[in-house]
Amino acid sequence: KVIRAAGAREQFLAAGDVLRVGDEVITSYGQIVSLEAYDGSKWKVAPNTRMKLELRKSEAQNPIHWIFHIFRGGIWGKVAKSAEDQDGFKGKVRTKNAVLGIRGAEYLFEGDEKRAAVDVLEGVVWLGKDSNFPPGSYKIIAAGFHGEVEPNGKNSIRESKPKKASLQEDYGLVLGANSQEKIFGTAEHCLARGKGWRSSDGSNIGECVDQAQ
């Protein structure tokens, strides 16, 4: 489900639909959503996540980049570092009390109003409490390490779990064998999958369900 910035309209989106600045993405239980930007950056949004595409902007010495605000939940991200943007951020992810700066990295990030945590799979990220990252306000976290901003504001680093699959499971980005992944689409799309269809909000995008439901 998406809450559009324009008019605060709630919609269910399907594969290929476009998200814009100010839109909020809300995933449900058993639902992982994949996003891709024009520059090839990719993200997967974990189940039970609420995230806003807050800004797309440029700053001094930084190229145009996305800033995501996570109210709750987690994401996997892979942002490529280009040769001409060596000193600039390619993306930022923030919670109420922490901000992650990405200059080209693969990472797992989760948070809510009280804490934030990141595990870096490739590259390095900056983790702090100020989106401008003034000197002394952040820690640089390299691949193989876990960073965390705790409710008391403490910013700590330790080694990550060695296996990527295990980390992805911790962040909710691997559906369990008993999980029921939800599929959304039009009535025709669901019928083509041998499923029934229902819409809870009157839109033409609804949930594919078993015929008996």
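One can find the structure itself at the top, above this paragraph.
Note that this is a predicted model, so its numbers are computed, not measured. (Residues numbered from 1 in each chain as written. Predicted model: local features only at pLDDT ≥ 70, side-chain atom pairs only at ≥ 80, totals over all residues. Heavy atoms only, no water.)

**Considerations on the pairing of strand 5 (residues 42-45)**
Judged by which residues are buried, strand 5 turns out to be one-sided: W43 and V45 face inward and are buried, whereas K42 and K44, on the alternate face, are not. Sheet topology places strand 4 (residues 33-36) next to strand 5; four bridges connect them, and they run antiparallel. The partner of V33 across the bridge, within strand 5, is V45. Between strand 4 and the antiparallel strand that follows it, strand 5, lie five residues; G40 among them carries a positive phi value of about 95°. (Buried < 20%, exposed > 50% of the residue type's maximum accessible area, 1.4 Å probe, protein only. Helix = DSSP H or I, 4+ residues; strand = E, 2+ residues; numbered from the N terminus. Pairing = 2+ DSSP bridges.)

**A closer look at the layout of surface pockets**
Taken as a whole, the largest pocket spans an internal volume of roughly 820 Å³. Lining of the largest pocket is provided by 32 residues; of these, A14, A15, V33, S34 and L35 occupy positions nearest its centre. Secondary structure elements with two or more residues in the lining of the largest pocket: strand 3 (24-26), strand 4, strand 7 (62-79) and strand 14 (184-185). For the lining of the largest pocket, the element with the most residues is strand 4, which contributes four residues. In terms of residue class, the lining of the largest pocket is made up of 19 nonpolar, seven polar and six charged. (1 Å grid on protein atoms, 1.4 Å probe; cavity = no way out; pocket = protein on both sides within 12 Å on 5 of 7 lines; lining within 4 Å. Points joined across faces, edges and corners; volume = space filled by probe spheres on them. Nonpolar A, V, L, I, M, F, W, Y, C, P; charged D, E, K, R; others polar.)

**A short note on the side chain of D23**
Mapping D23 onto the fold places it in the loop between strand 2 (10-11) and strand 3. Reaching out from D23, the side chain makes a polar contact with the side chain of R4 at a distance of 2.7 Å. Looking at D23, its side chain comes within polar contact range of the main-chain nitrogen of A5, at 2.9 Å. Those residues in contact with D23 that lie beyond four places of it in its chain are V2, I3, R4, A5, M51, K52 and L53. (Polar contact = N/O pair within 3.5 Å; in protein donor to acceptor, adjacent residues only side chain to side chain. Contact = heavy atoms within 4.5 Å.)

**With respect to the state of the cysteines**
What makes a disulfide is a covalent bond joining the sulfur atoms belonging to two cysteines. Counted by the stated rule, this structure contains one disulfide. Paired through a disulfide, C190 and C208 show a sulfur-sulfur distance of 2.0 Å. Linking C190 and C208, the disulfide has an S-S dihedral of approximately -80° and is accordingly described as left-handed. Of this pair, C190 sits in helix 2 (residues 187-192) while C208 is found in strand 16 (residues 206-209), placing the two residues 18 residues apart along the sequence. C208 shares its class with C190; the two are buried. (Disulfide = S-S within 2.5 Å.)

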